[in-house]
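# Residue-level structural notes
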Amino acid sequence: MNMEILGIHHVTAIAGDPQTNIDFYAGVLGLRLVKVTVNYDDPRSYRLYYGDERGHPGSIMTFFAWPGAASGRIGPPQVSVTAFSVPGGSLEYWAQRLDSLGTMVREPIDRFGGRVLGFADPDGLELELIEASEDPRLPWQDGPVPVRHAIRGFYGVTLAEEGYQYIAKVLTETLGFAPVQDQDARFRYRVGPGGPGAIVDVLCVPDSPPGRMGTGVVHHIARRTPDDSQQIGWQERIAGAGLNVTPVRNRMYFHSIYFREPGGVLFEIATDPPGFTTDEPAERLGSQLRLPPWLEPVRTELLQALPPLDLPTIHQGVVP
Ligand code: ZN
């Protein structure tokens, strides 16, 4: 079977307070809150999904929100930085916007010819905005950020690793990535034709303290596959490479398999379909709590355990 990874599908991280998370990702970064649901493995906590207008794969930032959970520590082996793509010439706008809304930004830097603005979210999760002049993806048109500056989707991620050889082997020999450039301890790879959304940087940091799961840390990264049959093909190929891979899990909006690359970062391969309009219409995405069929019988119980949320003003409402 001819199989190709289509780039990043989503990045899942751990947040503390869900309202703070919504206020930052929807209110400050201007992403659309496309789904309010619960963590299927821990349904007394929220899972929040953000993205472009429909939450297309490649734009989906998602969080498990665990109020009061201990802070994590960013370090190997983890996704240490998540980067979003913004149009060329936007960083001044963003530096000013973030600063005026209370987020401390660093001086922009140049990396492999692109300008990069670094900052952290309210839980300490490390983020970057990277200027990409040629990103054909459309941003959400109705967000608080002017369309000419709005986030287009992911640019890429940085993987913090102790060593380099094993992850390089999995990326190139198993998943079909190709090396692009390297500088110091940073090795850039792309998949397919490359460009925003198809980039992964491996950063070797053998002397850093090891990462620890908790708020402000990425839990896993998912890559895109177009359909279920290719996903089965990936399952076979990953197992064939000597890595443990899970059975297919139904995540309602996509189907998933998971494995750990040899350095220790949790990878997922997720299908593009069915997407977020499978259980609510596009214009109502993220406007109320959605539960999978197997949790509907306990909706009332869950609502008692979940804190009420003020959803972004476009929705004018409180869950449910
Ligand atoms: Zn995932």
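Notes on the structure follow. (Residues numbered from 1 in each chain as written. Predicted model: local features only at pLDDT ≥ 70, side-chain atom pairs only at ≥ 80, totals over all residues. Heavy atoms only, no water.)

Counting secondary structure elements, the protein chain contains five helices and 16 strands. At 19 Å, the protein chain has a C-alpha radius of gyration in line with the 20 Å of a compact globule built from 320 residues. Overall, the C-alpha framework of the protein chain stretches about 50 × 45 × 35 Å when taken along its three principal axes. Per-residue burial over the protein chain gives 55% buried out of 320 residues. In the protein chain, 67% of the contacts between residues at least 6 apart in sequence involve partners at least 24 apart. Put simply, the protein chain shows about 13,400 Å² of open surface, and 50% of that area lies on carbon and sulfur atoms. Charge centroids of the protein chain, computed over 27 positive and 38 negative side chains, lie 2 Å from each other. (Helix = DSSP H or I, 4+ residues; strand = E, 2+ residues; numbered from the N terminus. Rg over C-alpha atoms; globule rule 2.2 N^0.38 Å. Buried < 20%, exposed > 50% of the residue type's maximum accessible area, 1.4 Å probe, protein only. Contact = heavy atoms within 4.5 Å. Areas by Shrake-Rupley, 256 points an atom, 1.4 Å probe, with all protein chains shown as cover. Lys, Arg positive; Asp, Glu negative; His and termini not counted. Charge placed at Lys NZ, Arg CZ, Asp CG, Glu CD.)

We now examine the pairing of strand β4 (residues 60–65). Within β4, six of the six residues are buried, which leaves it mostly tucked inside the rest of the structure. Residues Ile-60, Thr-62 and Phe-64 line one face of β4 and the alternating positions Met-61, Phe-63 and Ala-65 line the opposite face, and both faces are buried. As paired elements, strand β1 (residues 8–15) and β4 share six bridges and run parallel to each other. When the bridges of β4 are listed, Thr-12 appears paired with Thr-62. (Pairing = 2+ DSSP bridges.)

Here we take up the pattern of salt bridges. Evaluated as defined, the whole model comprises 16 salt bridges. Between Arg-106 and Glu-126 there is a salt bridge, with the nearest N and O atoms lying 3.0 Å from each other. You can see Arg-106 sitting in the loop between α2 (91–100) and β6 (109–111) and its partner Glu-126 sitting in strand β8 (residues 126–131), a full 20 residues away along the chain. The partly exposed category is assigned to Arg-106, whose relative accessible area is 42%. Of the charged contacts in the structure, one is a salt bridge between Arg-137 and Asp-135, with a shortest N-O distance of 2.8 Å. The exposure class of Asp-135 is buried, given its relative accessible area of 12%. Ionic contacts of the salt-bridge type, sharing partners, join the residues Lys-35, Asp-279, Glu-280 and Arg-290 into one network. (Salt bridge = Lys/Arg side-chain N within 4 Å of Asp/Glu carboxyl O.)

A separate point is the packing of aromatic side chains. Counted according to the given criterion, the structure contains 14 aromatic pairs. On the numbers, 5.9 Å between centres and 75° between planes, the contact of Tyr-49 with Tyr-253 is edge-to-face. With Tyr-49 in strand β3 (residues 42–51) and Tyr-253 in the loop between β14 (249–250) and β15 (255–260), the pair connects residues that are 204 residues apart, well separated along the chain. Judged on exposure class, the residue Tyr-49 and its partner Tyr-253 are both buried. Here the aromatic rings of Tyr-93 and Trp-94 are separated by 5.7 Å at their centres, their planes lie at 85°, and the arrangement is edge-to-face. Look at Trp-94 and you get buried, because its relative accessible area is 0%. (Phe/Tyr/Trp six-rings, centres within 6.5 Å; stacked < 30°, edge-to-face > 60°.)

This part covers the coordination of the zinc ion. As a benchmark, a tetrahedral metal site with four donors has ideal angles of 109.5 degrees, while an octahedral site with six donors has ideal angles of 90 or 180 degrees. Surrounding the zinc ion are the protein donor atoms His-10 (NE2), His-220 (NE2) and Glu-268 (OE), at 1.9 to 2.0 Å. When the donors of the zinc ion are listed by position in the chain, the intervening gaps give H-x209-H-x47-E. Taken together, the residues His-10 in strand β1 and Glu-268 in strand β16 (residues 266–271) connect sequence positions 258 residues apart. Take Glu-268: its relative accessible area is 1%, and that puts it in the buried class. (Donors = N, O, S within 2.8 Å, 3.2 Å for Na, K, Ca; no water.)

It is worth spelling out the side chain of Thr-82 at this point. Its place among the elements puts Thr-82 in strand β5 (residues 78–86). Leave out the neighbours within four places in its chain, and Thr-82 touches Val-11, Met-61, Glu-126, Leu-127, Glu-128, Phe-154, Gly-156, Val-157 and Val-218.

A few words now on the sheet that holds β8. On the basis of which strands lie adjacent, the open sheet formed by eight strands has the order β6-β7-β8-β5-β9-β12-β11-β10 and mixed pairing. The open sheet has two free edges, formed respectively by β6 and β10 (177–183), since each of these has just one partner strand. Each strand of the sheet is rotated relative to its neighbour by a mean of 30°, with strand direction disregarded. Taken together, the five bridges between β5 and β8 define a ladder with parallel strand orientation. Following the sheet pairing, Thr-82 is matched in β8 by Leu-127. Packed onto the sheet, α2 meets β5, β7 (114–120) and β8 and runs at close to 10° relative to β7. (Axes fitted to C-alpha atoms, helices over the stretch in contact; angles between N-to-C directions.)

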